[in-house]
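A look at the structure
Spelled out, the chains give:
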2 protein chains.
Amino acid sequence: MRIAQRALVTGAAGFIGSTLVDRLLADGHEVVGYDNFSTGQRRFLKGASADPRFTLVEADLLDTAQLADVMEDADIVFHLAANADVRFGTEHPFRDLEQNTIVTYNVLEAMRAKGVRRIAFSSTGSVYGEAKVFPTPEDAPFPIQTSLYGASKVAGESLISAYCEGFGFQGFIFRFVSILGERYTHGHVFDFYKKLLADPTRLPVLGDGRQRKSYLYVQDCIDAIFTAVENAPDRVNVFNLGQDHYCEVNDSIGWISAKLGVSPELDYSGGNRGWIGDSPFIFLDCTRMRGLGWTPKLSIKDGIERTLAYLIDNKWVLEARA
Amino acid sequence: MRIAQRALVTGAAGFIGSTLVDRLLADGHEVVGYDNFSTGQRRFLKGASADPRFTLVEADLLDTAQLADVMEDADIVFHLAANADVRFGTEHPFRDLEQNTIVTYNVLEAMRAKGVRRIAFSSTGSVYGEAKVFPTPEDAPFPIQTSLYGASKVAGESLISAYCEGFGFQGFIFRFVSILGERYTHGHVFDFYKKLLADPTRLPVLGDGRQRKSYLYVQDCIDAIFTAVENAPDRVNVFNLGQDHYCEVNDSIGWISAKLGVSPELDYSGGNRGWIGDSPFIFLDCTRMRGLGWTPKLSIKDGIERTLAYLIDNKWVLEARA
């Protein structure tokens, strides 16, 4: 971003959060990073912590007093903290409500109390549930939620929009496909690599491997966020962030296997979904974001390969998120 | 409904809730009514309380232990309890989050704990925000929320849908226009009548009076709910409930004034919205609901006049909700 600002980043020690922190610092901004380290990694903030313009606050977003304190003098909030685990929502339904919906409310209330009026929010393509239009545009038909994660992100988006309308905030809502790249700590490349390390001859695959997904490289994701925050003019700005192409899970397995030099037997769990609430096809129409001049630099295949290279060089990540 | 059931009704002492309780009892069902009487009226349950098949539980939906207790042996939940005040959301933002979103989660969790799997939910046409398509169908473009009330109802809908998908529930989600009729305790007829009683010569009107709204009579609303719960086959069933016509606020003022025999000078606050987040035009496409054989019996004008007649005969309501 061009204009120097003081930014608060929630989830600052996460995959996307820490990458955003580094980019903000590189662009000359002051950054306050907020993380409870429930899933964040201290190593991701090693570079940032050496920068005098970076302040780390180790706290939970349920701690509203602490949150109000750090909100002081912020110009913009990048609210990335979340339970990002779409798959196991039914095992602990309160987690999505608390960590995604209630926490977003807490962030908005702290902003209101301190007069901070700009918020960027990491939502998800999962909010489209099982979309009927592909590629799916931002104004797709009113969706039915199929996961607790998606439900909690819709709730977060809706709260932000209502605060924009009711309190004069400006909101930037990003509906991501899955993001890949350095510091990636969960998802299918992570799972497959970990399994293939343990047994390169056999790979269990959820579903039938035909699920079609789109993946975006994390630096492309952050390029988009900065482009939108600098240029999007509306009170509520909603952007899909993804690729103009997709792959099958089987394609990804092929690329990963080739890079690792393995030929595992594929053991499919069957069905066209990886898990209950999994969407067998995620492919977002990103025309709106591209209209602001943004283009992703890496293809899905490049992103997956770069992610794999990162994991190979940083095996500690596999254990840190065991 | 034809099949005798044991129904739990939350918000049982409210306008719509108490009317639903009476209808369920009249149809032969057992009913447990749950209300914290924050806005509910004991007088509305006078008839029900004389029926041995009715049990009243005075408790808050934040009391999850009590909620789990009453869920025992229920066949279906009609979750009507809510903060229904769309207008003053910005004065107390936590109220919509707690009373609409979190409480809906509590109801769903109690259902899950006790194996209850059918839920009917009172949502709102406000979830469409400022719709761009009229009449607005259920699959209108993904809306942007303009009120905290709408945001909280979207969150409630989304939670219910995710529970249907994740836990095999069946959901019936009703997006109401404003409901009118006997036991009506807030809204424009209430406000106008109260003001005209105090001063029949002058009526303050929010906005320019040109806001176009649709209103449905409460017994027609309950006919629709019963029709849907009996006949809708899907896991998640979403229905608009409204009229195939609309009126302007000025029309309503004319009908009310004529019935009261007054000719007030109209004092408009100006602008095309009654308040921040007010939608200047609400008109829902109810083709889906009509497809199940439902037709409203009363027009908007009939509904408004019947509501006014009720308020004239029950002036205590004006004071009870002062």
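Residues numbered from 1 in each chain as written. Chains lettered and ligands numbered in written order. Predicted model: local features only at pLDDT ≥ 70, side-chain atom pairs only at ≥ 80, totals over all residues.

Details of the interface of chain B and chain A
Heads up, the rule is: Residues are treated as contacting if the C-beta atoms built from their backbones sit within 7 Å of each other. A run of H or I in DSSP counts as a helix once it spans at least four residues, and a run of E counts as a strand once it spans at least two, with each numbered from the N terminus.
In this complex, chain B contributes 32 residues to the contact, which on the side of chain A involves 32 residues. Those elements that provide at least two residues to the side of chain B that touches chain A are helix H4 (93-114) and helix H5 (148-167) of chain B.

Description of the relation of the copies chain B and chain A
Put simply, the rule is: All copies are superposed by least squares; the fitting set is the C-alpha atoms of residues with a pLDDT of at least 70 in both.
At an RMSD of 0.0 Å, chain B and chain A line up after a rotation of 180° and a shift of 0.0 Å along the axis. One copy is carried onto the other by what is essentially a two-fold rotation axis. A high fraction, 100%, of the interface residues of chain B reappear at the interface in chain A, so the copies pair face to face through one surface.

Side note on the domain arrangement of chain A
All names here are of chain A. Quick note on the threshold: Domain ranges listed in this record stem from an automatic or a database domain assignment.
Domain annotation of chain A identifies domain 1 (6-179 + 215-241) and domain 2 (181-213 + 245-320). With centres defined by C-alpha atoms, the gap from domain 1 to domain 2 works out at 23 Å. With 38 residues of domain 1 at the contact, the number on the domain 2 side is 30 residues. Counting only elements with at least two residues in the side of domain 1 that touches domain 2, the list comes to helix H1 (15-26), strand E7 (178-180), strand E10 (215-217), helix H7 (218-231) and strand E11 (236-241). Per-element tally for the side of domain 1 that touches domain 2: the top contributor is H7, with eight residues.

Observations concerning helix H10 (residues 300-313) of chain B
As a reminder of what qualifies: A helix is expected to reach a length of 1.5 Å times the quantity of its residues less one.
Between its first and last C-alpha atoms H10 of chain B spans 20 Å; for 14 residues at 1.5 Å apiece the expected length is 20 Å, and the two agree. Residues of H10 of chain B that are buried in the fold lie against strand E7 (178-180), helix H6 (188-198), strand E10 (215-217), strand E12 (247-248), helix H8 (249-260) and helix H11 (316-320) of chain B.

Some words on unusual backbone geometry
The amide bond that connects Phe 134 of chain A to the next residue, Pro 135 of chain A, takes the cis arrangement and shows omega of -15°. Within the secondary structure, Pro 135 of chain A is located in the loop between strand E5 (118-124) and helix H5 (148-167). Phi angles above zero are rare outside glycine, and Arg 183 of chain B is one such case at about 75°. With respect to the helices and strands, the residue Arg 183 of chain B is situated in the loop between E7 and H6.

Overview of the confidence of the model for chain A
Stated formally: A score between 0 and 100, pLDDT records how confident the predictor is in each residue.
Mean pLDDT over chain A works out to 94, with 98% of the residues at or above the 70 mark. Here the predicted complex carries an ipTM of 0.94, next to a pTM of 0.95.

What about the environment of Glu 138 of chain B?
To keep it simple, the criterion reads: The exposure label follows from counting other C-beta atoms within 10 Å of a residue's C-beta, where the C-beta atoms are placed from the backbone and the thresholds are 20 or more for buried and 12 or fewer for exposed, leaving partly exposed in between.
Tracing the backbone shows Glu 138 of chain B in the loop between strand E5 (118-124) and H5. Taking the number of C-beta atoms within 10 Å as the measure of exposure, Glu 138 of chain B has 20 and is therefore buried. For the pair Glu 138 of chain B and Asp 285 of chain B, spaced 147 residues apart in the sequence, the C-alpha separation amounts to 7.5 Å. Residues contacting Glu 138 of chain B, with those up to four places away along its chain left out, are Phe 142 of chain A together with Val 238, Phe 239, Asn 240 and Arg 288 of chain B.

Observations regarding the sheet that holds strand E1 (residues 6-10) of chain B
Hydrogen bonding along the main chain pairs the strands of a sheet, whether they run parallel or antiparallel. Residues and elements named next belong to chain B. Our working definition: We call two strands paired when DSSP finds no fewer than two bridges between them. Angles run from 0 to 180 degrees between N-to-C directions of axes, and those axes are lines fitted to C-alpha atoms, restricted for helices to the stretch in contact.
The parallel open sheet is built from seven strands, whose spatial order is E3-E2-E1-E4-E5-E6-E11. Edge positions in the sheet fall to strand E3 (54-58) and strand E11 (236-241), since each has one partner strand and no second. Averaged over all neighbouring strand pairs, the angle between strand axes comes to 15°, with direction disregarded. Of the strand pairs in this sheet, E5 and strand E6 (residues 170-176) are connected by seven bridges, and their pairing is parallel. In the strand pairing of E6, Ser 122 is matched with Phe 174.

Digging into the pairing of E11 of chain B
Residue and element names in this part refer to chain B. The buried count for E11 comes to six of six residues, which makes it a mostly enclosed element. The alternating pattern of E11 places Val 236, Val 238 and Asn 240 on one face and Asn 237, Phe 239 and Leu 241 on the opposite face, and all of these are buried. Both E6 and E11 contribute to a ladder of six bridges, which runs parallel. Paired with Gly 171 across the strands is Val 236, a residue of E11.

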